[in-house]
Each structure stands twice: as structure tokens, then as C-alpha cells.
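Survey of secondary and tertiary structure
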Amino acid sequence: MKILFFEDREEDIQGIVDYCDDQEYDYCHDKFVDGSSKIEEYDPDIIIVDLKNAQDNFEGCNILEKIWEHRFRPTCVFSGQINESTIEKEQYPSPLIEFITKGDEKPVIDFIEKMAPYVQCIREVQEETYKAMRRSFDFFNLAMKDGITDSSKLAALCGNRIKAYFDNENSNNDLPIWSQYIYPTINEEFSTADIIRLKNPLSDVDYENNFFVVLTQSCDMAHGKVKFVLLAKCFPIERILKVNKGNGAVYERTKEELQTVFNTGFLNQWVPLPGIEGVMPDIAVNLKNLILIKLRDLPNNYQKVVSLSSPYKERLIWAYMQTACRPGVPDLAVEGWIDSLCPQSEIVEEAEKIISEARELEPCGV
């Protein structure tokens, strides 16, 4: 593993350097001389950067900006001037970037240890991303033929190809259960199959009951074609785990039954959705328990929690169509039709009757 330090006071990172020696990590020390060119030349797995150099310039801020924009990789800002600089942590919303105030070096070592198992896969994913980006322009002859120069249209076309590239390369992977979500969310706009939560619930006692799923079409909401939004209410996951048989009897589904339900994605009007710790609990969506709210009230009263990604979004809508779009028809007298198709059933019924009568004639006791 390769670690690059941007620091002009070597004594401030001596403990970290000693740790790297003990672990036999390769490292390089730069005193803010080469900046981004040093990153490209050394190609580190992890970067440790101070913000202020010996000349009292916040050169580290420029380096951090270049890392974020062009050379992104796990980075620890280790500086005594974090609050004095123009840096705002909100500008760098990534779990791969941490800000640690200078002094104790142990938190920096902890950061290195935390990132160490992942640096190789991060590097491989970045390389695959570059390949996907190159392949995303394979359609460009068609774009030039049609005279497409709008960057937003080209970005959409490239995005489709990048997704197709990764879907093709990783089609056989068993992904974790939460991978069906887009979390953290990409934007704050509401769309179909978003899981949302009441901003100010009356009580957190029924925590799961504060969640809803958006069923209205995304384009209708975005273009203001509708005044109301259709939501499906969520309940505790126990609604799927257990079956109420009536008269107080409760049947718990077996693991095999639950696996079938979870792989199918829905059971009648119920859709199971896994939780994310600290974000949302395991919930069961009831596609028959619906409410309508005004579109203008949606951002005021609800917050977007996660979005379902494709094809899980389409599966949820399909489940809703199965529930809501099924035509209701009256019962017909089908018994005669069944008897005509299955005459053998009459012989079976007669045989069962004879056997039953014979058993009644058997002597009791010996």
C-alpha cells in the first residue's frame, strides 16, 4: 500500500511514519512542492494532507480540491487549521474523506487501518470506471450524425452506457440486500418508489408506521401534471413474517417460505423492504392501504429516505398493478364445469364413501 504525505513539519507525523515502517507500507513525503503532479506521479492509495504550509499559505486546500475533482481516493486532512481555512466539510461529503485536528496521531493511524482492506478494490473500481467512461462514447458517431451538441443529452446517453457496462461486467454478483436502494440519495426531488418519512411524526412509538412509498409517476410530479400524490403506507415487517389465522391463532412463516416471498419481492398486497441501520427499519409496504396528499405538501411534511433502484422500482410498481389493476368479477357456478372435466373425481368420492362405511362395520375391541 502506498501513502502520500503533504506535510512540511515531519515531526507532526513521525508516529504515523513509524507505523507505516512497522507495517512495511510504501510512503512518500512531499512538502507542498509538487502538489497534484506528485499525486499523479506517485499514484498513492491513501493521502494525508495538512492544510497550511510553512509560508502560512493554505496550499493544502488547493491540493484537497484537486484530489476531490480529479484524483479522488481515501484522504485524511490532518491539520491544526481546519477551522481557520476556507474549507467546509460539507463540500466533501464522502466516507473516504476525514478531517482530523492535529495533535494525537492515533486517529490518523485508525483511518489508515480502516481504509487498508479496501484500497485495492477502490483502485480496481476506479480503473473499471475509466474503462466504462471510454466505452460510453462508442455511440458518438450517431450523436454527430444527429448533430447532438447538448451536454445534458450526451451525459444522459453516456450514463446509460456506463450503467449497461457495469451491469454486464457484474451480472453474476450476489449483491447485499441494501443494494436495491440508492442511498445516500442523489437528489432531493421526489420520484416513483421513493421511501419517505414524516418529518414531524406525532410519535416515534410506531416508528415503522411513519414511512410511506410514493406510487405516483415521477414525470407527473416533476412537471406538475397532478395536484395529489398517491402514497402506500408501511407497517412493521412482522405483517409478513406472521399470518393471523383468526381466533387468536398466529402462524409464523418458515425460512423457506420467507425466502420465496423475499425473492419474489411481494406477497399479495405486501412488499417487504429491508432496513438500513440508523436510516430506516425493516418494513412491509401495504399496497392496499393508500393515502392521497397534496403535491405541494409533500416536501413540507415528508423527507426522502432512500430511492429504489431499477429493476426493484419496476418490481414494486408491478406488484401495485397486480393489486390495484386486477378486474373484479362475480363468482360463477364452476362446479359443473369442473365435474365435466374431472369425471374420475366422482369414482374417487364413491370409493371413499364405501371405505368409510366398511370401517363403521368393523368390530370394536379385541
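Scroll up for the structure.
Conventions used here
- Residues numbered from 1 in each chain as written.
- Predicted model: local features only at pLDDT ≥ 70, side-chain atom pairs only at ≥ 80, totals over all residues.
- Heavy atoms only, no water.
- Buried < 20%, exposed > 50% of the residue type's maximum accessible area, 1.4 Å probe, protein only.
- Helix = DSSP H or I, 4+ residues; strand = E, 2+ residues; numbered from the N terminus.
- Arc of directions from axis to C-beta.
- Contact = heavy atoms within 4.5 Å.
- Phe/Tyr/Trp six-rings, centres within 6.5 Å; stacked < 30°, edge-to-face > 60°.
- Pairing = 2+ DSSP bridges.
- 1 Å grid on protein atoms, 1.4 Å probe; cavity = no way out; pocket = protein on both sides within 12 Å on 5 of 7 lines; lining within 4 Å.
- Points joined across faces, edges and corners; volume = space filled by probe spheres on them.
- Nonpolar A, V, L, I, M, F, W, Y, C, P; charged D, E, K, R; others polar.
- Axes fitted to C-alpha atoms, helices over the stretch in contact; angles between N-to-C directions.

What about helix α1 (residues 14-23)?
Since one α-helical turn is 3.6 residues long, residues separated by three or four positions face the same way. Those residues of α1 that fall on the buried side of the exposure criterion are Ile 16, Val 17, Tyr 19 and Cys 20. End-on view of α1: buried residues confined to an arc of 155 degrees, all on one side of the axis. Against the buried residues of α1 lie β1 (2-6), β2 (26-30), β4 (75-79) and α4 (106-115). Looking at the residues trailing α1, positive phi occurs at Glu 24, about 60 degrees.

Remarks on the packing of aromatic side chains
The final tally for this structure, using the stated rule, is 10 aromatic pairs. For the ring pair Phe 5 and Tyr 27, a centre distance of 6.2 Å and an interplane angle of 80 degrees mean the geometry is edge-to-face. Of this pair, Phe 5 sits in strand β1 while Tyr 27 sits in strand β2; the two residues are 22 residues apart in sequence, bridging distant segments of the chain. Residue classification places Tyr 27 among the partly exposed residues on the basis of a relative accessible area of 28%. Judged by centre distance (6.1 Å) and plane angle (70 degrees), the ring pair of Tyr 19 and Tyr 25 falls under edge-to-face.

Let's talk about the pairing of strand β14 (residues 302-308)
Counting buried positions over the 7 residues of β14 gives 6, a clear majority of the element. In this structure, strand β6 (residues 181-182) lies alongside β14, joined through 2 bridges in antiparallel fashion. Bridge pairing links Ile 182 to Ser 307 in β14. For strand β7 (residues 194-198) and β14, the ladder comprises 5 bridges, and the chain directions are antiparallel. For Ile 195, the partnering residue across the bridge sits in β14 and is Val 306.

A short note on empty space enclosed by the protein
Under the criterion given, the structure shown has 1 cavity of 30 Å³ or more. Reported here for the largest cavity is a volume of approximately 50 Å³. Contributing to the lining of the largest cavity are Gln 180, Gly 265, Val 271, Pro 272, Leu 273, Leu 308, Tyr 312, Arg 315 and Leu 316. Secondary-structure elements contributing two or more residues to the lining of the largest cavity are β12 (270-273) and α12 (312-324). By residue class, the composition of the lining of the largest cavity is 6 nonpolar, 2 polar and 1 charged.

What to know about the sheet that holds strand β3 (residues 46-49)
Reading across the sheet, the 5 strands line up as β2-β1-β3-β4-β5 and stay open at both edges, with parallel pairing between neighbours. With partners counted over all chains shown, the strands left at the sheet margins are β2 and β5 (97-101), one partner each. On average, each strand axis in the sheet is tilted by 15 degrees relative to the strand beside it, whichever way the strands run. When β1 meets β3, the two strands line up parallel, connected through 4 bridges. What sits directly across from Leu 4, in β3, is Ile 47.

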